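# Analysis of the macromolecular model
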Amino acid sequence: MTEQGSKAVEKILEVRDLVTQVATPSGPKTVVDGLSFDLCRGETLCIAGESGSGKSMTSLSIMGLLPEPMARVASGEIRLNGTDLLTLSERAMRDIRGNKIAMIFQEPMTSLNPVLTIGRQLGEAISTHNPMPGSRVRARALEVLKQVRISEPEKRLSQYPHELSGGMRQRVMIAMALACNPDVLIADEPTTALDVTIQAQILGLMRDLQRETGTAIILITHDMGVVAEMADRVIVMNQGKVVESGTVTDVFEKPGDPYTRGLLAAVPRLGAMTGTEGPASSDGKALERGLAKPLVSVRDLTVRFDIRGGLLQRVQKRVHAVEQVSFDIFAGETLSIVGESGCGKSTTGRALMNLIPWQGEVVIDGREIDANSRIQTREVRRNIQMIFQDPYASLDPRMTVGELVAEPLVIHGLASGSELDDRVEYLFRRVGLPADAAKRHPHEFSGGQRQRICIARALSLSPKVIIADESVSALDVSVQAQVLDLLGELQAESGLSYLFISHDMAVVEQISHRVAVMYMGQIVEIGPRQAVFENPQHPYTKKLMAAVPIPDPRKRRQDFSLITGEVPSPVHGLDYQPELADLQQIAAHHFVAKSAMETAA
Amino acid sequence: MIAYILRRLVQAILILLGVSIVTYALLYMLPADPARQIAGRSATAETVANIREQLGLNLPFYEQYLRYLGNLLTGDFGRSYLQKTEVGELIAARLPATLLLMAGAIFCELLFGLTAGAIGAIKRNTPLDRGLMVASFVGVSAPQFVVGILMLYLFAVVLGWFPIGGYGTFAHLVLPSVSMGFLGAGWYSRMMRSSMLDVLRQDYVRTARAKGLGRARVFFVHAFPNALLPIIAMIGIDIGMFMSGIVVVESVFGWPGIGQLAWQAIQRVDIPIIMGVTLVSACAIVLGNLLADLVAPFIDPRIKLR
């Protein structure tokens, strides 16, 4: 492995033949198998791989933070500036952690201590390695907070983590990691839990800070877009082994290993569908709209949640989750709702399922739905079914998967006895699972298989519409591609409609007929997929598209400065009248909000 | 905050009202006759009827209750049937002793329970951890009168380290407090262990270690306050459990508190005292819970009282 380019080659970290093992009931299992790499000053090395590839175990091995005694480094060397970290005592290792090697983690929401102020947690990172008087600790804390370009840094020092947004918390994590000017920064999936515009801001920040400080970065990620955006060199791991390593352009353009090629092929790419009308699954044909009556028709859907308080627990404030949203879903089409967390996209889906109270007018298959009728709710759910994000949490662990898939049929009294068994067997085959799987429990299946079970359960009532709420977001890209294919096949076979709720622009582009962009509880742009993606009009749509990292190192963004700001709070006082987006038609079926344009920009 | 406390106090009054109705009804339905108890075995039927008349025991239930409630609202707990003194005075005289014992018991159970639980979590799955958890289990399962009598025998009778019973000095306080705290310590150690194990798995503990902090700092600054949060709510509920324990422990150690008062009153169907002690206990439970809820926001800034 030789370093290319004009940078001075100064090796900071050398990892040789690292083997990390985890204890299992059936003996030690090797999770990192013979990993070797070098890291030079000022460079970014990406370790890419899917879940179970051993990439996070690698970072914890370097930090000496493996969950003992379950996991341990079995053999190998980790040399920081020539010193083998594996030979150091825990006491000596403490001087390395946070000082020479610092780390940022995936979950900014849980990685900060909820009961301590930001100033305290940040100050601690500074004073542990450089004992100094409190006033100087505070001054340094303020300095690093300014360095990570957080708004109102003085105020942040006395705030608690829950008072900060996810993006701000990740900035605090980065500030904490950089507080002692470490030689190496390990970032383990630093942007995975963040919205795409915040992700772009954090990636831009990391790149700027690296330029300023010369810190070497090990970036661990599953997202090939992030790899292309950030990496100088790349290591691709699969099941603990390195399958590919090289410069970022080599890995993306001349992948040698079949696994890497498969991984790259499975990555959804924004812009991959340019020039085509419909989604990949329907042979590029767009649906004939306008002629047919819509299957689902939503008018002025509004969802608000009350916040109570005071002596008599009266309503004091309201969360304006969804404000007067209108859209149609036609038979056999996929309508996607995209937007960032808190924009109201999931709430819209839940309101359609009658899972939460709502106001407005919803007509499904020619029948108007009464928001308060329980009897009707049952009929609604026969026509509309939902697949959720987390396939681990949405299956009852104590039931067999056969019972889970059969349950809707039993509740609705649609089948019993041998007919029920036949139906369940048919559903399992249809989603690509063996029929004998029915007798097993959810924990015996992988994430992708579980999502197939959830799909089978949703299909059991032969619904006309399936709401898929971030249904592939938790899955690895290769599995994600398979599940998306399955959804496409089911639609082509039986003319199902999907309401596909997602934050992932590339996935949405791949599978949608039409796309609605939501911002602050309202639809700001809706139209045929091609029109929205190739001719985005609303500033927020443009911002979302610009924020998506492209899995191509040659299309790397130089400038992130266009993407700034965070979504404002949807909590308002009782007399608040939302400014409604005024949708205006700019092309066939393509509507854009005019009034909200300035606010979003 | 003030609105919250006011609302909780209104709730508290409703709870106390409910407790008073239920207790009064139970005592009314009791087959024992207070008038007969007061008059003694050899009294004539006429004397008993007279006493009944005097005390208003022949009135219908609701009238008796309303009369009691009316007096209660003016701060009058009534007069003891047998001791012929004001119940309010009796309780006031004995309450300090009980509060002292409760404070001692809470101190013991938190000291033993939290320490054992925290050590168990840090040294999990070691012989030390298993030993502590077995001890906790014994603490939870052993009846308090058995623990009390064993302690009394071992430390007072055999070893002579502490007085056998009574009230007055610090030495008198030790054995009753430990006996009472023993049960709670078992609960708290098991709760603390699982709470601490949960906290030690959290991302922010990993972050603290990644900063290079020492083990002690990670433990005391980052893990301990978080592990304490579920325990605080428990302490509030616990005060209610104390009230049942206090009757037993005060009797075993001859501790002159309201537990002993209640015990004597129950034996003699002295309704005003039983009612008074019950209401005071209910007050303690309600206030204990309120206190726990008021303390929680100081440890966890995420909790907002509304």
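Residues numbered from 1 in each chain as written. Chains lettered and ligands numbered in written order. Predicted model: local features only at pLDDT ≥ 70, side-chain atom pairs only at ≥ 80, totals over all residues. Heavy atoms only, no water.

## What about the overall build of chain A?
Check the secondary structure of chain A and you find 20 helices and 23 strands. The C-alpha atoms of chain A give 26 Å as radius of gyration, which agrees with the globular expectation for 601 residues (25 Å, within 12%). Seen along its three principal axes, the alpha-carbon backbone of chain A occupies a region of about 75 × 60 × 55 Å. Residues counted as buried form 54% of the 601 residues belonging to chain A. Total accessible area on chain A is roughly 25,200 Å²; 49% of this is exposed by carbon and sulfur atoms. Across chain A, the centroid of the 64 positively charged side chains sits 3 Å from that of the 73 negatively charged ones. (Helix = DSSP H or I, 4+ residues; strand = E, 2+ residues; numbered from the N terminus. Rg over C-alpha atoms; globule rule 2.2 N^0.38 Å. Buried < 20%, exposed > 50% of the residue type's maximum accessible area, 1.4 Å probe, protein only. Areas by Shrake-Rupley, 256 points an atom, 1.4 Å probe, with all protein chains shown as cover. Lys, Arg positive; Asp, Glu negative; His and termini not counted. Charge placed at Lys NZ, Arg CZ, Asp CG, Glu CD.)

## A word on the pattern of salt bridges
Between side chains of opposite charge, a pair can form as their charged atoms come close. Within this structure, the stated rule accounts for 35 salt bridges over all chains. Among the salt bridges present, the one from Arg79 of chain B reaches Glu86 of chain B, with a minimum N-O distance of 3.7 Å. Connected via shared salt-bridge partners are Lys11, Glu14, Arg16 and Asp38 of chain A. (Salt bridge = Lys/Arg side-chain N within 4 Å of Asp/Glu carboxyl O.)

## Notes on the UniProt feature "transmembrane region" (unreviewed entry) in chain B
Residue and element names in this part refer to chain B. Following the UniProt record, one finds the feature "transmembrane region" (unreviewed entry) at residues 12-30, 99-122, 134-164, 170-188, 227-253 and 273-296. In residues 12-30, helix accounts for 95% and strand for 0%; the two terminal C-alpha atoms are 27 Å from one another. End-to-end, the C-alpha atoms of residues 273-296 are 35 Å apart, and along that stretch the chain is 100% helix and 0% strand. (UniProt positions renumbered as here; feature names shortened; annotations may be inferred.)

## Side note on the pairing of strand β18 (residues 497-502) of chain A
A regular strand carries its side chains on alternate faces of the sheet. All names here are of chain A. Extensive coverage of β18 is indicated by the burial of six of its six residues. Residues Ser497, Leu499 and Ile501 point to one face of β18 and Tyr498, Phe500 and Ser502 to the other, with burial holding for every one of them. Pairing of strand β13 (residues 334-338) with β18 involves five bridges; the strand directions are parallel. Counterpart to Ile337 in the pairing with β18 is Ile501. Sheet analysis places strand β17 (residues 465-469) next to β18, joined by five bridges and oriented parallel. Directly across from Ile467, in β18, lies its bridge partner Leu499. As for the winding sense of the linkage, the β-α-β connection from β17 through helix α16 (residues 477-494) to β18 is right-handed. (Pairing = 2+ DSSP bridges. Right-handed = clockwise from strand over helix to strand, strands pointing away.)

## Section: the UniProt feature "domain: ABC transmembrane type-1" (unreviewed entry) in chain B
Within this structure's numbering, the places UniProt gives as "domain: ABC transmembrane type-1" (unreviewed entry) are residues 95-296 of chain B. The distance separating the terminal C-alpha atoms of residues 95-296 of chain B is 27 Å; by composition the span is 85% helix and 0% strand.

## Points about the packing of aromatic side chains
All names here are of chain B. Per the stated rule, a full pass over the model turns up 10 aromatic pairs over all chains. With centroids separated by 5.6 Å and ring planes inclined at 65°, the aromatic side chains of Tyr24 and Tyr65 adopt a geometry described as edge-to-face. Taken as a pair, Tyr24 in helix α1 (residues 2-29) and Tyr65 in helix α4 (residues 61-73) lie far apart in primary sequence, 41 residues in all. Among the residues examined, Tyr24 registers a relative accessible area of 10% and is labelled buried. Taken together, a centroid distance of 5.7 Å and an interplanar angle of 40° make the contact between Phe155 and Trp161 tilted. The class for Trp161 is exposed, based on a relative accessible area of 58%. Every member of this aromatic cluster is reached through a ring pair, and the members are Tyr24, Tyr28, Phe61, Tyr65 and Tyr68. (Phe/Tyr/Trp six-rings, centres within 6.5 Å; stacked < 30°, edge-to-face > 60°.)

## Let's talk about the confidence of the model for chain A
Averaged over chain A, the pLDDT score is 87; the fraction of residues at 70 or greater is 95%. Counting contacts from residues 1-7 of chain A, a segment whose pLDDT is below 50, to residues more than four positions away or on other chains yields 12 contacts. (pLDDT = per-residue confidence, 0-100. Contact = heavy atoms within 4.5 Å.)

## Some thoughts on unusual backbone geometry
Residues and elements named next belong to chain A. Phi angles above zero are rare outside glycine, and Arg149 is one such case at about 55°. Tracing the chain through its elements places Arg149 in the loop between α4 (134-147) and α5 (153-157). Judged by relative accessible area, which is 40%, Arg149 ranks as partly exposed. The phi dihedral of Gln239 falls on the positive side, at around 50°, and the residue is not glycine. Note on placement: Gln239 falls in the loop between β9 (233-238) and β10 (241-247). The exposure class of Gln239 is exposed, given its relative accessible area of 63%.

## Notes on the confidence of the model for chain B
On average, residues of chain B score 86 in pLDDT, and 100% of them are at 70 or above. Of all helices and strands in chain B, the one with the weakest mean pLDDT is helix α2 (residues 34-39) of chain B (77), whereas helix α9 (residues 203-210) of chain B scores best (92).

## Looking at the domain arrangement of chain B
Residues and elements named next belong to chain B. According to the domain assignment, chain B consists of domain 1 (2-73) and domain 2 (87-299). If you average the C-alpha positions of domain 1 and of domain 2, the two centres end up 32 Å apart. Contact with domain 1, which involves 18 residues of that partner, is made by 16 residues of domain 2. For the pair domain 1 and domain 2, the summed buried surface comes to about 1,500 Å²; carbon and sulfur atoms form 84% of the total. Three residues, Arg8, Leu16 and Leu27, lead the burial of domain 1 against domain 2; their summed loss comes to 33% of the area buried on that side. Linking domain 1 with domain 2 are one salt bridge, by the criterion used here. (Domains from an automatic or database assignment. Buried area = accessible area lost by both parts, 1.4 Å probe.)

## Some remarks on the interface of chain B and chain A
Quite often, the size of an interface is put as the accessible area lost when its parts meet. Counting residues at the interface gives 27 residues for chain B and 33 residues for chain A. Summed over both partners, the interface of chain B with chain A buries about 2,600 Å², with 57% contributed by carbon and sulfur atoms. The interface formed by chain B and chain A holds three salt bridges in total. One salt bridge in this structure joins Glu90 of chain A and Arg209 of chain B, with 4.0 Å as the shortest N-O distance. At the boundary of chain B with chain A, the tally comes to 11 residue pairs in polar contact (both at pLDDT 80 or more). Only α1, α9 and α10 (215-253) of chain B provide two or more residues apiece to the side of chain B that touches chain A. Broken down by element, the residue count for the side of chain B that touches chain A peaks at seven residues, all from α10 of chain B. Looking at the side of chain B that touches chain A, its residues break down into 10 nonpolar, five polar and 12 charged. (Polar contact = N/O pair within 3.5 Å; in protein donor to acceptor, adjacent residues only side chain to side chain. Nonpolar A, V, L, I, M, F, W, Y, C, P; charged D, E, K, R; others polar.)

## Some details on the sheet that holds strand β7 (residues 184-188) of chain A
Residue and element names in this part refer to chain A. With mixed pairing, six strands are arranged side by side in an open sheet as β6-β7-β8-β3-β9-β10. A strand with exactly one partner marks an edge of an open sheet, and here the two such strands are β6 (101-104) and β10. Sheet twist, expressed as the mean angle between neighbouring strand axes with direction ignored, is 15°. Where β9 and β10 come together, six bridges link them in antiparallel fashion. Residue Val236 lies in a different strand from β10, and its bridge partner there is Glu244. (Axes fitted to C-alpha atoms, helices over the stretch in contact; angles between N-to-C directions.)

## Some thoughts on the sheet that holds strand β16 (residues 384-387) of chain A
Residues and elements named next belong to chain A. With respect to topology, eight strands assemble into an open sheet ordered β16-β17-β18-β13-β19-β20-β23-β22, the strand pairing being mixed. Either end of the sheet is taken by a strand with one partner, and the two such strands are β16 and β22 (583-587). For this sheet, the mean inter-axis angle between neighbouring strands, taken without regard to orientation, is 20°. Helix α11 (residues 345-352) contacts β13, β16, β17, β18 and β19 (514-519) of the sheet and is inclined by roughly 145° relative to β18.

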